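# Report on the structure
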Amino acid sequence: MTIYIESFILQNIVINFCLLRLIKITVKPKGNFFRLMCASIVGAAFSVVGAMFLTNNTMLNVLKFVCAVLMLLLAFKQTKRQFVFNFILLFIYTFALGGAITSLAGSCYATGFGVIISSKISLEMVLGFVIVLTYLFELVAKHLKFKIKTNNLIYPLTLYFNNNKITINAFLDTGNFLKFNNQPVVIVDLLAYLKLTKENYINFVLNKANTVNLGTVAGKNCLKVFKIDLLDIKVDGKVKSFKDQYIAVNTSASFKHTNYQALITTGLI
């Protein structure tokens, strides 16, 4: 198999740059385009040395380690703790990206420093795929960070009523100050309420229960309020129980595209 040194170097520079950019997207270390490009070129130079001059596995592994350390030191301004974290991310992304590239390959050519891909797809298309993949990851990462922050405010909630119980996720709404008879009220999705009480929708509509007004930016909404036997909420591994807890039933589609079915107040945490 013929391997052109120009293609080998270009491929390594692009992949190294994408790996470093993934780290930058993930943890936002201090580093600019010039630093990342210099680190990528240095990493490619190490790859050339390893592929052409080294055959001993121990020496190759040492060279890979030194290469990774030098690339990170050149690419980012970081503390020792940040460096360790970035080092771990570099190897995680290396294996992940390597698997994605290998999946496009028709065959693989093993060298002492790594694997060279031989594919029916042109090198330009493979590199384009790698670049597009990093930008897709950036879009996913932005959404993922929001999800992680949101999930930190989600708590398991168990509702008990007439020997029935359901366990759902509840979101801590810090702006929810809804009260009934001077007690905090948990807002529950209609489907969760019907499952708990074994009622049908018609009986729910005909039920002349107490109501409470919920004010939002979209206006006011009148919610029916019911008292359940017990509510358990798990906070930091410990269960807090509330007897005769009031719940308000939300009939809108507010919970349709969420991973929680209730809203709780800070008074329950």
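Structure's up top.
All values reported here derive from a predicted model rather than from experimental measurement.

Right, let's get into the packing of helix 1 (residues 5-27) against helix 3 (residues 57-75). At a minimum axis distance of 11 Å, the contact between helix 1 and helix 3 shows a crossing angle of 60°. Comparing the axis directions of helix 1 and helix 3 gives the class oblique. For helix 1 against helix 3, the interelement crossing comes out right-handed. Along its contact with helix 1, which presents Asn-16, Leu-20 and Ile-23, the element helix 3 presents Met-71, Leu-72 and Ala-75. For the contact of helix 1 with helix 3, the class distribution of residues is five nonpolar, one polar and no charged.

Aromatic rings considered in pairs are described by the distance between their centres and by the relative angle of their planes. All chains considered together, the criterion is met by 11 aromatic pairs. By way of ring pairs, the aromatic residues Phe-65, Phe-83, Phe-87 and Phe-91 are connected into one cluster. Seen from the ring of Phe-204, Lys-224 lies directly overhead, with NZ or CZ sitting 4.9 Å from the centre.

In this section: the packing of helix 2 (residues 33-53) against helix 3. Relative orientation of the contacting elements helix 2 and helix 3 amounts to 170°, with a least axis distance of 8 Å. Compared by their axis directions, helix 2 and helix 3 come out roughly antiparallel. Seen from helix 2, the contacting residues are Arg-35, Leu-36, Ala-39, Val-42, Gly-43, Phe-46, Val-49 and Gly-50; seen from helix 3, they are Leu-60, Leu-63, Val-66, Cys-67, Leu-70, Met-71, Leu-73, Leu-74 and Ala-75. Classifying every residue of the contact of helix 2 with helix 3 by side-chain character gives 14 nonpolar, two polar and one charged.

What follows deals with helix 3. Compared with an ideal rise of 1.5 Å per residue, which puts 19 residues at 27 Å, helix 3 spans 27 Å between its outermost C-alpha atoms and is within 8% of the ideal. Within the sequence span of helix 3, burial applies to Leu-60, Leu-63, Cys-67, Ala-68, Val-69, Met-71, Leu-72 and Ala-75.

Now for unusual backbone geometry. With the exception of glycine, the majority of residues adopt a negative phi angle, and the majority of peptide bonds are in the trans configuration. Phi is positive for Asn-182, close to 60°, though the residue is something other than glycine. The exposed category is assigned to Asn-182, whose relative accessible area is 73%. In this structure, Asp-236 is a non-glycine residue whose phi angle is positive, near 55°. Tracing the backbone through its elements, the reader meets Asp-236 in the loop between strand 9 (219-235) and strand 10 (238-250).

Note that Thr-197 resides in helix 6 (residues 190-197). A polar contact of 2.9 Å, which involves the side chain of Thr-197, links it to the backbone oxygen of Tyr-193.

Okay, the nonpolar core next. In this structure, Leu-20, Ile-23, Leu-72 and Phe-76 are the most contacted members of the largest nonpolar core, which totals 26 residues. Where this core is concerned, the elements lending two or more residues are helix 1, helix 2, helix 3 and helix 4 (80-102). Per-element accounting of this core gives the leading share, eight residues, to helix 1.

Now for the pairing of strand 3 (residues 154-161). Looking along a regular strand, one sees the side chains alternate between the two faces of the sheet. Here strand 3 pairs with strand 4 (residues 164-172) via eight bridges, running antiparallel. Looking at strand 4, one finds that Tyr-155 is bridged to Ala-170. Connecting the antiparallel pair strand 3 and strand 4 is a turn made up of two residues, with Asn-162 showing a positive phi of about 50°.

A word on helix 6. The buried count for helix 6 comes to six of eight residues, which makes it a mostly enclosed element. Along helix 6, the positions that sit buried rather than exposed are Leu-190, Ala-192, Tyr-193, Leu-194, Leu-196 and Thr-197. The first or second residue beyond helix 6 is Lys-198, which carries a positive phi of 60°.

Let us now look at the environment of Thr-211. Residue placement: Thr-211 occurs in strand 8 (residues 210-216). Expressed as a C-alpha distance, the spacing of Thr-211 and Ala-248, which sit 37 residues apart in the sequence, is 8.0 Å. What Thr-211 contacts, discounting residues up to four positions off in sequence, is Phe-180, Cys-222, Leu-223, Lys-224 and Val-225.

Attention now goes to a nonpolar patch on the surface. Taken together, the side chains of Ile-5, Ile-9, Val-49, Met-52 and Phe-53 present a nonpolar region at the surface, about 460 Å² in accessible area. When residues of the nonpolar patch are traced back to their parent elements, those giving at least two are helix 1 and helix 2. For the nonpolar patch, the element with the highest residue contribution is helix 2, accounting for three residues. Residue position: Phe-53 is located in helix 2. Taking the relative accessible area as the measure of exposure, Phe-53 reaches 61% and is therefore exposed.

The rules behind each value
Along each chain, residues carry numbers from 1 onward, in the same order as the chain's sequence is written. Only residues with pLDDT of at least 70 get local features here, since the model is predicted, and only at 80 or more are side-chain atom pairs given and counted; chain-wide, interface and lining totals rely on the full set of residues. Hydrogens and water are ignored here; the side-chain numbers use all heavy atoms of the structure. For helices, the fitted axis covers only the stretch in contact; all axes are lines through C-alpha atoms, and the angles between them, taken along N-to-C directions, range from 0 to 180 degrees. A run of H or I in DSSP counts as a helix once it spans at least four residues, and a run of E counts as a strand once it spans at least two, with each numbered from the N terminus. Oblique is the label for any angle not covered by the other classes, which are roughly parallel (under 35 degrees), roughly antiparallel (over 145) and roughly perpendicular (65 to 115). Helix crossings fall into two classes, left-handed where the near helix is turned counterclockwise from the far one by less than a right angle and right-handed where it is turned clockwise. Note on definitions: a residue-residue contact is assigned when non-hydrogen atoms from the two residues lie within 4.5 Å. The nonpolar class holds Ala, Val, Leu, Ile, Met, Phe, Trp, Tyr, Cys and Pro. Asp, Glu, Lys and Arg form the charged class, and all remaining residues, Gly among them, are polar. Working definition: a ring pair exists when centres of Phe, Tyr or Trp rings (six-membered ring for Trp) sit within 6.5 Å. Plane angles under 30 degrees give stacked, over 60 give edge-to-face, the rest tilted. Working rule: Lys NZ or Arg CZ, within 6 Å of ring centre, within 35 degrees of ring normal, means a charge sits over the ring. Helices are assigned an expected span. That span is 1.5 Å times one less than the residue count. Think of it in three bands: with a 1.4 Å probe and only protein chains considered, a residue is buried below 20% of the maximum accessible area for its type, exposed above 50%, and partly exposed in between. Think of a polar contact as two N or O atoms within 3.5 Å of one another; within protein, one of them needs to be a possible hydrogen donor and the other a possible acceptor, and neighboring residues in sequence only count if both atoms come from side chains. We call a set of buried residues a nonpolar core when its members are Ala, Val, Leu, Ile, Met, Phe, Trp, Tyr or Cys and they connect through side-chain atoms within 4.5 Å of each other. At least two bridges found by DSSP between two strands are what make those strands a pair. A residue counts toward a patch only above 30% relative accessible area and without a salt bridge, and it is joined to like-charged neighbours within 9 Å or, for Val, Leu, Ile, Met, Phe, Trp and Tyr, to nonpolar neighbours within 5 Å. Only the protein chains shown count as cover for residues, and all accessible areas are computed by the Shrake-Rupley method using a 1.4 Å probe. When a carboxyl oxygen of Asp or Glu lies within 4 Å of a side-chain nitrogen of Lys or Arg, that pair is called a salt bridge.

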